[in-house]
Amino acid sequence: MTASVFFGCTFIAFGPAIALFLFTIARDPLRVIFLIAGAFFWLVSLLLSSLVWFISVQISNKESPEQQKGLLIFGVVLSVLLQELFRFGYYKLLKKANEGLLALSQEETMPISVRQLAYVSGLGFGFMSGAFSVVNILADSVGPGTVGIHGDSQHFFLSSAFMTMAIILLHMFWGVVFFDACEKRRWWCLVVVVASHLLVSCLTFQNPYYVGSLVPTYVIMFLMGAWAFCCAGGSLRNLKLCLTCKDKDFLLANHRPR
Amino acid sequence: MGSIPTQWITPLLLWGLFRAVSGSSVEQKIYVNLNDTAPCVRLLNGTHQIGCQSSLAGDVGVIHFLESEEDLPWVLTSGPSPPYMVVLEAPLFTRSVMMKLNNGSSRIAGVAVVIPSSSPAQGFSPHTTCPNENTGLYSESYDPSMAHCNTTVWNPLGNGLSYEQFNFPMFSLKDDNGTEVIRQCYLEHNRVVNGSAPGYPLCAMQLSSHMHAVTDTVTCMRRSEGSAFSLSQDKVCDALSNYNVWSSTKSLNNTAKGHKDNETIVIAAARLDSRAFFHGVSLGAEGSASGFITLLAAAAALANITRENPPPRTETFDYIGSSRMVYDMETDNFAIDLDNVHSLVEIGQVGLHNVSGLWLHSDPVSRRNDAVDKEVKSLMDTFQSVATNLNLSLGLPDVSQPLPPASFQRFLRAQPIPGLVLTDHRSHFTNRFFESMYDNAEYLNLTYPADLSPEERFTHVTDTARGLTEVATLVARALYKQAGGAEEWLASIQADSQTVAQLLYGFLVQTRNPWFEAIIPPEDQYLLMPSPPEYYVGVHGSTNNTASSLVYYVLANLTGTALNISRDNCTKREFTDDTESTHMNSYMWVQGVTPPNATEPVSYCVRSTARISRAESPAFLLKDYRSSNFSTWTESRWIRIGARIFLVAGPDLEMLTLGVGVAVLLASLLLTYVINSKADFLFSSGREPANATY
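Remember, it's a predicted structure, so these values are computed and weren't measured experimentally. Counting of residues starts from 1 at the beginning of each chain's written sequence and follows it residue by residue. Going through the entries in the order they are written, you letter the chains from A and number the ligands from 1. Since the coordinates come from a predicted model, pLDDT governs what is reported: local features require at least 70, and pairs of side-chain atoms require 80 or more to be given and counted, while whole-chain, interface and lining totals use all residues. Excluding hydrogens and water, the side-chain figures rest on all heavy atoms present in the structure.

### A closer look at the UniProt feature "transmembrane region" (unreviewed entry) in chain A
All names here are of chain A.
Stage number 1. As recorded in UniProt, the sites labelled "transmembrane region" (unreviewed entry) are residues 6-25, 32-59, 71-90, 117-139, 159-180, 187-206 and 218-236.
Stage number 2. Between the first and last C-alpha atoms of residues 117-139 the distance is 32 Å; the span itself is 100% helix and 0% strand.
Stage number 3. Within residues 218-236, the helical portion is 79% and the strand portion 0%, while the C-alpha atoms at the span's ends are 21 Å from each other. UniProt positions are given in the numbering used here, feature names are shortened, and annotations may be inferred rather than shown by experiment. A run of H or I in DSSP counts as a helix once it spans at least four residues, and a run of E counts as a strand once it spans at least two, with each numbered from the N terminus.

Below is the structure:
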């Protein structure tokens, strides 16, 4: 659909992720490394689940659409479970790596806290997931045509971009909540994370009825965002103070160590 | 499948595994590629360029089906979403419509013409009214009263479209399922309802036919020279060239060029090539095929009897073939030279002779010379007497009428040779579809009963075949008599209608048939396809020499003899000193037929006097690209030619998308900066003490 749609959709899909990367991750090389490692873990989970799906499609009956649809649903569920499994695996790996890092370094404190690790790894997952979701679509959006000649909805590019943005942010929030739950051994939180991930993925089966898939996804995203905010140490009082620009006064008044 | 699960495998993997096709699934949702299209390409000569050109990536335009000539203002001035891609039905493909579109070309992205399966009743010829007027015989210096068709306009239906330059791409579409998709798309999205313009999204088409050469042959040859290999990317155009096929009834030493003492030759010639407005759809059934098929049949009838030299050659673009042959004869590069030529008979368009009779044309100017006139008159008498014996009506047009466009004109330019041109038209062409895509087998009434299989069609003798057989017999007997043959043998010279029927099938319906399979070498079997060959001249190195190669093999088979020798002996004959060497004859190893109860065909060697010689205009030998004597036609090179349709969204939706994207980016940058600067405070409650690790 020409260059303006290409750039528009790229900015929509990757805008928040790029902003987060620029301001919070790019300056610290350690964070960059963990980000890329996280992206790699997501990639490996995708590889495994695609292998399983590929084999199951080959041995299935290619002519029957019900079977293919069923296989698709099976594939989605399997992929979600594998991704969360790999997230857990990454968590375990990071814990072990931290012990080792601490033993090696001279300092007494960790160079990077678990909360920051959670955030970075979640964002890494999000980047890679978003890239795989949307890059092909962006490549086709550069041409002169738009979707629709066979009767599909015209808003394909836009809704794909918005969906990708939601997914990237969701991965980040899930990462934070997940790691926090693992730290505090609150296993029901893990279940909620996995369940919400499954819910969001299965919502996409509503497409091309984009309202039905986008609106619930954004609702879930805001809810998860609030939860992650709380897990990361935020609170409503801090937020109110920040918004009314009274945070500096508060700090000065209370001499809180920073 | 409409669902796009974003959390899963990329659409590419998905669809690739389902359908194992290349090209992503999103692309398939957007574009419909059009197959079965023929583009209009750019050709250049010494001073001009003709044909069509698109921009590098292709031109995109909103589709508009033109209903009548009154509908043109919508496209040219009043339509709200230019540029438009005009789709024309064949009746509107006229000069007036095309010239108006050409003038308004800033709002026209391109033109697509829908070709119906039946020809228009009123005739259609995109060639000029006076074909080859600048390189024929009749020029200012030869005879001003006959130059530029002052006496007779040969092609009155010609609208000259093939020789115009268009600034947009033009494609032809067959009227089938692909075009049905376009019509559906147009009716759904682009229809004007009650005078109000249709809203976006609109159905659009993209035509890509970017041509590399510009201006004229001089420019493009200058840009192409300096590249070492003929197929390198640096070349931008190629000279139009093909092959002349000729043979003689008596072996001639082909290696010793120039004048041959004690040899006088009667030449019989016919045209081989054809052209149409769109690249790749030219058949020339009446225009050229009728002529050379008759000549081949006559050659078959005369085989082993007299001395005669029948060359079919390429003639559309200012007589490329004959000018080259004459040039070769003049410069002693040919087996004979012009002094060896006694007389010449040319077979022009003869397919419709049952409608308009047969006529013998001669050149009045050369006949002012008494010797030439005497020879011409005697040749005419020969033809007349043979025609009377065969009960054919043969007429003589007015003496003062010039020759129609024919290769003979190039021979006369060099030397006044007595000769005649045999056609089925008295003055202007009977052919109403000269040099157009409608000049096909159907126009010659080459119809077969519907219940025949392809093998039966191949051997079915139609009335057209019978008619052409009579003409071939006439030509054969007249040539025999002209060459001094005895009267008593005349009655035994008879062209075979079965051969003519098979020739018509092979050259106008499909090349894949049992006879062609048997007479061409095993390595050339790729020439056979379920469609007729392409008669456009083409360029050297392209695959356009199918027709001339087939004519060569057919000529060799019809006039040659089969030899019982091994393959090695057959193909390695050049080192033999005797009269059977390749200096005198050509040898080829052909596939042969598969006998019953066998799996492999039995190949054999054919010795014949058929030769094939390069027909490239002498202008390219002499490197005189601005020559007015010889043809300087070249064809531009191109890389990608294709057409596809899709929907386009309105510019406001696109700008909105871009705006939303930029807004999202800026907002997220701002928000992130703010949160980052306050991060220590925001995330401070419930924090672990600073010295804890985990």
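### Considering the sheet that holds strand β9 (residues 202-211) of chain B
All names here are of chain B.
Stage number 1. Here a strand pair is declared whenever DSSP counts at least two bridges between the two strands. The strand order β1-β23-β9-β5-β6-β7-β8-β2 describes an open sheet built from eight strands, whose pairing is mixed. Since the sheet does not close on itself, it has two edges, and those belong to β1 (32-33) and β2 (37-39), each with one partner.
Stage number 2. Strand direction decides the pairing type here: β1 and strand β23 (residues 638-648), joined by two bridges, are antiparallel. Counterpart to valine 32 in the pairing with β23 is isoleucine 645.
Stage number 3. Here helix α5 (residues 177-189) sits on the sheet and contacts β1, β5 (59-65), β6 (84-89), β7 (108-115), β8 (170-174), β9 and β23; the angle it forms with β5, its principal contact strand, is near 80 degrees. The contact criterion used throughout is that any non-hydrogen atoms of two residues lie within 4.5 Å. Comment: axis = line fitted to C-alpha atoms, over the contacting stretch for helices; angle = value between 0 and 180 degrees taken between N-to-C directions.

### Brief notes about the environment of B:Asp216
Stage number 1. Along the chain, the position of B:Asp216 falls in the loop between β9 and α6 (217-224).
Stage number 2. For the pair B:Asp216 and B:Cys237, spaced 21 residues apart in the sequence, the C-alpha separation amounts to 10.0 Å.

### Considering unusual backbone geometry
Stage number 1. Look at the link from B:Pro82 to B:Pro83: it is a cis peptide, with omega at -5 degrees.
Stage number 2. Locating B:Pro83 in the fold gives a position in the loop between α3 (72-78) and β6.
Stage number 3. Here the residue pair B:Tyr200 and B:Pro201 is connected by a cis peptide bond, since its omega of 0 degrees sits within 30 degrees of zero.
Stage number 4. When you line up the elements, B:Pro201 lands in the loop between α5 and β9.
Stage number 5. Phi at A:Arg185 takes a positive value of approximately 60 degrees, unusual for a residue other than glycine.

### Description of the nonpolar core
Stage number 1. Counting residues in hydrophobic clusters, the biggest one holds 183 residues, and the most contacted among them are B:Leu88, B:Phe93, B:Met98, B:Val111, B:Met170, B:Phe292 and B:Phe507.
Stage number 2. To qualify as a nonpolar core, a set must consist of buried Ala, Val, Leu, Ile, Met, Phe, Trp, Tyr and Cys residues joined through side-chain atoms within 4.5 Å. Accessibility here uses a 1.4 Å probe with only protein chains present; expressed as a share of the type maximum, an area under 20% marks a residue as buried, one over 50% as exposed, and anything in between as partly exposed. Counting residues in hydrophobic clusters, the runner-up holds 24 residues, among them B:Ile265, B:Leu344, B:Phe408 and B:Phe411.

### Looking at empty space enclosed by the protein
All names here are of chain B.
Stage number 1. With a 1 Å grid laid over protein atoms only, a set of points is called a cavity when a 1.4 Å probe fits there but cannot get out and a pocket when it is open yet has protein on both sides within 12 Å along at least five of seven lines; lining residues have an atom within 4 Å of a point. Grid points are joined across faces, edges and corners, and a volume is the space filled by probe spheres set on the points. Applying the stated criterion across every chain yields a total of twelve cavities of 30 Å³ or more.
Stage number 2. Each pocket or cavity is described by its volume, and for the largest cavity that value is around 250 Å³.
Stage number 3. If you go around the largest cavity, you meet 26 residues; those closest to its centre are Arg271, Gln349, Pro405, Ala406 and Phe434.
Stage number 4. Of all the elements in the fold, those that place two or more residues in the lining of the largest cavity are β12 (265-271), α7 (285-302), β14 (341-347) and β17 (419-423).
Stage number 5. Counting residues per element, the lining of the largest cavity draws most heavily on α7, at four residues.
Stage number 6. Taken together, the residues of the lining of the largest cavity sort by class into eleven nonpolar, eleven polar and four charged.
Stage number 7. Every residue lining the second largest cavity is counted, 17 residues in all, and those nearest its centre are Cys130, Tyr138, Cys149, Trp154 and Gln409.
Stage number 8. A class-by-class count of the residues in the lining of the second largest cavity yields eleven nonpolar, five polar and one charged. Charged residues are taken to be Asp, Glu, Lys and Arg, nonpolar residues to be Ala, Val, Leu, Ile, Met, Phe, Trp, Tyr, Cys and Pro, and polar residues to be all remaining types, Gly included.

### Observations concerning the state of the cysteines
Stage number 1. In this description, a disulfide is simply a cysteine sulfur pair whose atoms lie within 2.5 Å. Throughout the structure, instances matching the rule amount to four disulfides over all chains.
Stage number 2. Here B:Cys130 pairs with B:Cys149 through a disulfide, and the sulfurs are 1.8 Å apart. Classification of the bridge connecting B:Cys130 and B:Cys149 rests on its S-S torsion, roughly 85 degrees, and on that basis the disulfide is right-handed. Here B:Cys130 is found in the loop between β7 and β8, whereas its partner B:Cys149 is found in the loop between β7 and β8, with 19 residues between them in sequence. With respect to class, B:Cys130 is no different from B:Cys149; both count as buried.
Stage number 3. Across a sulfur-sulfur distance of 1.8 Å, B:Cys220 and B:Cys237 are joined as a disulfide pair. Because the sign of the S-S torsion sets the handedness, a value of about 70 degrees for the bond joining B:Cys220 and B:Cys237 places this disulfide among the right-handed ones. Within this pair, whereas B:Cys220 is found in helix α6, its partner B:Cys237 is found in strand β10 (residues 237-239), the two being separated by 17 residues in sequence. One exposure class covers both B:Cys220 and B:Cys237, and it is buried.
Stage number 4. Lacking any disulfide linkage, A:Cys182 is separated from the closest cysteine sulfur, that of A:Cys189, by 9.6 Å.
Stage number 5. Residue classification places A:Cys182 among the buried residues on the basis of a relative accessible area of 1%.
Stage number 6. Take A:Cys231: it sits in no disulfide, and the sulfur closest to it among the cysteines is that of A:Cys189, at 6.4 Å.

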